[in-house]
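The residues making up each chain are set out below.
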Amino acid sequence: MMFWELALRNVLRNKRRSLATVLAIALSCGGLMLFGGYVVWAHLASETHATTMTGHLQLFKEGYRLKGAGNPAAFAIENFEGIQRQLRGDEVIGPLLEMVTGQLLVQGMISSADRQTSTAFVGIGAVPEDLERLTQWNPHGLADVRDLAANAALFAAGPELASGDPDGISLGVGLARILDIRMQPHGAAEDRPTVELISQPPSGGMANMVSASVRKLSTRPLEELDNRLVFVPLPLASSLLFPGEEPRATSILILLKDLRSLPLVEARLAELVRDGKLALEWRNCWDLNPNNVRSVRMMDMFFLFAFCIISVVLVFTIYNTMMMSVMERVREIGAVRAMGLTRGDIIRMFTAEGLLLGFAGGVLGLLLAIGISGIINRAEILYIPPMVTMYAKLQILVTEAPAIMAASFAGCLLVALLGAFLPARRASRMQIVDALRM
Amino acid sequence: MPGISQPLVQVIEVHKTYPLGHRSVEALRGVTLEMPQGGFVVLQGPSGSGKTTLLNLVGAIDHPTSGRVLVEGRDMAAWPDDALSHFRAKTLGFIFQNFNLIPVLSAVENIEYPLLLQRVPRAEARARALEMAEGVGLGDSSDQRPGELSGGQCQRVAIGRALVTHPALVIADEPTANLDAATGRTIIDLMHRMRDCTGATFVISTHDPEIASMAEARFTLRDGRLVEP
């Protein structure tokens, strides 16, 4: 009779009670794994969303982050294409790059001569292909929002910008409403509404103006952005601020092949700045998207809270089961102690039984979590996450997060150990003669 | 077989007092006796006379309030708990009135259990347990669990379990109390036979005069004192 075999037989002695305990552990463990799988998805979705908004890193002229909003053109990087080449050719950074591109922040007035309306705008001048590549960034293979039928209307009008459409811009739906602009469904390019973008050049003097046609209306995540944000092709935006000059950018945006190389790239950037080879400062995606960081940290706290509550409940459940087992076997404990089992042997005997309950519950919970997550992932449950304007598909990443599975499983074993230890200790401390008299 | 003149157990001026609520009960009051090695010793007396208390002290599962108990010349009063456990596992065998078998183990597994506690290799332990099961007359019942056995068969298992480690001393507290008279006699006969085979000393408590008459040494307790039979 081996140690674990005896423990198993003792666990099976009261099948109904053991089954109830195993089910309680399995449901708790499975629930925790499902929640963990959701938190993992939230992490990855948040990281992906933040990256599609800002890239992994953005380089600016010194002071831009603090004062640039007042006059972004004054902080424009003249030789941004040269810096892009420098980064691509850098022996450390170059191999880690997925993409490097320039963006130009521009602000001024937007008006519709046809509708006789105007308002202030904030524009992002971007390279159309790079902007599209950025929005399609999905390194973790999450469900693509473009594939969802609920988002079809959003993507039907094509990308925000297109390289073959040099004066085509996209507006927020709110901004279009303010300007009283209406898009013809499936309208030809010549039917698109035209607008004028007016901005003060950094050098002062007369304001510049460019004409553009509205190729797309998109809902922005915040009302403020919806009422003001415009995507403009970078050459058009640059010609508004710097007519007749080489294109400039207010930020150089870096997309890495793998986010894990971010510290390495930041260290190299610091080295380049220290050596005087780069006169820019930078911010990473977490600095640029603090709300995303706060959101996922809040999810982490929820998970930790749920983990603690469930652990406490499970400890008491297992404690109760094991204590009943001890109380039913008092005379048997006395007998085996008389036969030579030490107090330590008794503790090991009962904790082994608790561990078996925890193990069985953990395995069952794991299977439950895998099965239920599979059903949920196939069910196409959609919702609009915070700070996003399109539907996302809810995903529970259980098998994709082995660390969460392992932690939940180990947690089951640990709480089983804790729950069984006190009854086991009590059993070990019984006086043999008292136990035999029961 | 060792000579029966050498005392295996020496009980010297032993007192044992139990607390009972706000007062105390004196279960043994200055008992002194010697039990010969290899003997078949009976402790007799009415209920509450101190038989079980004395067996507990000899079996190293309880400590005297005063006095000394020596088994194989060793006084275990100051031994730590683990040392007492090891001593019991190696030197003693217990047979209980209620059998106290492990219900989830079969008869042969119950007999095997003390051997596995002593880290005897599994195959050897199983062979010795089967041999013992045969010796105590379990026959085809070896694979049955205690719940499927009669009282007499359970006590045979208990005897096998007590003897399988070749202990020097077997302590049996009222081993026939839960059996009918015929089965009880059979069990006592079996104990005699096993004593002859193994050379172990048997100390049995009983208030059955017929069993007491079969003893080679007999001690009578009354109100915690040793009296003349």
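As the structure is a computational prediction, the values presented were derived from the model and not from experiment.

The subject of this paragraph is the sheet that holds strand S2 (residues 23-36) of chain B. All names here are of chain B. With antiparallel pairing, the four strands of this open sheet are ordered in space as S2-S1-S4-S5. This sheet does not close on itself; its edge strands, each paired only once, are S2 and strand S5 (74-75). Two elements, strand S1 (residues 7-20) and strand S4 (residues 66-71), share five bridges in a ladder whose sense is antiparallel. The partner of Val 11 across the bridge, within S4, is Val 69.

Residues and elements named next belong to chain A. A cluster of nonpolar side chains, contributed by Leu 19, Leu 23, Leu 27, Phe 359, Val 363, Leu 364, Leu 367, Leu 368 and Ile 372, occupies part of the molecular surface with about 770 Å² of accessible area. For the nonpolar patch, the secondary structure elements donating two or more residues are helix H2 (15-54) and helix H14 (343-378). Relative to the helices and strands, Ile 372 is located in helix H14.

All names here are of chain A. Applying the stated rule across the entire model yields 11 aromatic pairs over all chains. Taking the centre distance of 5.9 Å and the plane angle of 35° together, the rings of Tyr 38 and Trp 41 count as tilted. Here the residue Tyr 38 and the residue Trp 41 both occupy positions in helix H2, the gap between them amounting to three residues, near one helical turn. Looking at Trp 41, the relative accessible area reads 5%, which means it is buried. Ring geometry for Trp 41 against Tyr 383: centres 6.1 Å apart, planes inclined by 50°, an arrangement best described as tilted. Taken together, the positions of Trp 41 in helix H2 and Tyr 383 in strand S10 (residues 382-383) put the pair 342 residues apart, joining distant regions of the chain. Residue classification places Tyr 383 among the partly exposed positions, given a relative accessible area of 27%. Taken together, the ring pairs in this structure connect Phe 35, Phe 303 and Phe 307 into an aromatic cluster. The ring centre of Phe 242 lies 4.2 Å from the NZ or CZ of Arg 248, which sits over that ring.

Residues and elements named next belong to chain B. Ordered by their spatial adjacency, six strands build an open sheet running S6-S7-S8-S3-S9-S10, and the pairing between neighbours is mixed. The sheet is open, and its two edges are formed by strand S6 (92-95) and strand S10 (225-227), each paired on a single side. Each adjacent strand pair in this sheet contributes to an overall mean axis angle of 25°, direction not counted. Sheet topology places strand S3 (residues 40-44) next to strand S9 (residues 217-222); four bridges connect them, and they run parallel. The partner of Val 41 across the bridge, within S9, is Ala 217. Against the sheet, helix H1 (residues 51-58) contacts S3, S6, strand S7 (169-173), strand S8 (201-206) and S9, and its axis sits at roughly 155° relative to S7.

With that out of the way, let us pick up the interface of chain A and chain B. Residue-level contacts link 22 residues of chain A with 27 residues of chain B. Here chain A and chain B share an interface that buries about 2,300 Å² over both sides, 60% of which is from carbon and sulfur atoms. Between the two partners, chain A and chain B, sit four salt bridges. In this structure, B:Arg122 engages A:Glu5 in a salt bridge whose closest nitrogen and oxygen atoms are separated by 3.4 Å. Joining chain A to chain B, the criterion identifies nine residue pairs in polar contact (both at pLDDT 80 or more). Breaking the side of chain A that touches chain B down by element, the ones donating at least two residues are helix H1 (3-11), helix H13 (330-338), H14 and helix H16 (432-437) of chain A. Grouping the amino acids of the side of chain A that touches chain B by side-chain chemistry returns 12 nonpolar, three polar and seven charged.

Quick look at the packing of helix H12 (residues 290-328) of chain A against helix H15 (residues 402-428) of chain A now. Residues and elements named next belong to chain A. Their axes nearest at 8 Å, the elements H12 and H15 cross at an angle of 35°. Crossing hand, H12 versus H15: right-handed. The segment H12 lies against H15, with Phe 303, Phe 307, Ser 311, Leu 314, Val 315, Ile 318, Tyr 319, Met 322, Met 323, Val 326 and Met 327 engaging Ile 404, Ala 407, Gly 411, Val 415, Ala 416, Leu 418, Gly 419, Ala 420, Leu 422, Pro 423, Arg 426 and Ala 427. When grouped by side-chain class, the residues that make up the contact of H12 with H15 number 19 nonpolar, three polar and one charged.

Once that is clear, we can look at the nonpolar core. Residues and elements named next belong to chain A. Counting 48 residues, the largest nonpolar core has Leu 59, Leu 87, Ile 110, Ile 169, Leu 171, Ile 252 and Leu 269 as its most contacted members. Setting aside its immediate chain neighbours within four residues, Leu 171 contacts Ile 110, Ala 176, Leu 179, Ile 181, Val 214, Lys 216, Leu 217, Ser 218, Arg 220, Leu 229 and Val 230. Among the nonpolar cores identified, the runner-up in size contains 40 residues, and Met 322, Met 339, Cys 412 and Ala 420 belong to it.

Inspection of the secondary structure puts A:Val315 in helix H12. With near-sequence residues (within four places) excluded, A:Val315 lies in contact with A:Val415, A:Leu418 and A:Gly419.

Axes are the key here: two packed helices are described by the angle between their axes and the distance separating the axes. All names here are of chain A. One can describe the packing of H2 onto H12 by two numbers: an axis separation of 10 Å at closest approach and a directional angle of 170°. On the basis of their axis angle, the class for H2 and H12 is roughly antiparallel. Considering only residue class, the contact of H2 with H12 consists of 18 nonpolar, 10 polar and three charged.

Rules of the game
Residues numbered from 1 in each chain as written. Chains lettered and ligands numbered in written order. Predicted model: local features only at pLDDT ≥ 70, side-chain atom pairs only at ≥ 80, totals over all residues. Heavy atoms only, no water. Pairing = 2+ DSSP bridges. Helix = DSSP H or I, 4+ residues; strand = E, 2+ residues; numbered from the N terminus. Patch = residues over 30% accessible without salt bridge, like charges linked within 9 Å, V, L, I, M, F, W, Y side chains within 5 Å. Areas by Shrake-Rupley, 256 points an atom, 1.4 Å probe, with all protein chains shown as cover. Salt bridge = Lys/Arg side-chain N within 4 Å of Asp/Glu carboxyl O. Phe/Tyr/Trp six-rings, centres within 6.5 Å; stacked < 30°, edge-to-face > 60°. Buried < 20%, exposed > 50% of the residue type's maximum accessible area, 1.4 Å probe, protein only. Lys NZ or Arg CZ within 6 Å of the ring centre and 35° of its normal. Axes fitted to C-alpha atoms, helices over the stretch in contact; angles between N-to-C directions. Contact = heavy atoms within 4.5 Å. Buried area = accessible area lost by both parts, 1.4 Å probe. Polar contact = N/O pair within 3.5 Å; in protein donor to acceptor, adjacent residues only side chain to side chain. Nonpolar A, V, L, I, M, F, W, Y, C, P; charged D, E, K, R; others polar. Left-handed = near helix turned anticlockwise from the far one by under 90°. Core = buried A, V, L, I, M, F, W, Y, C linked by side-chain atoms within 4.5 Å. Parallel < 35°, antiparallel > 145°, perpendicular 65-115°, else oblique.

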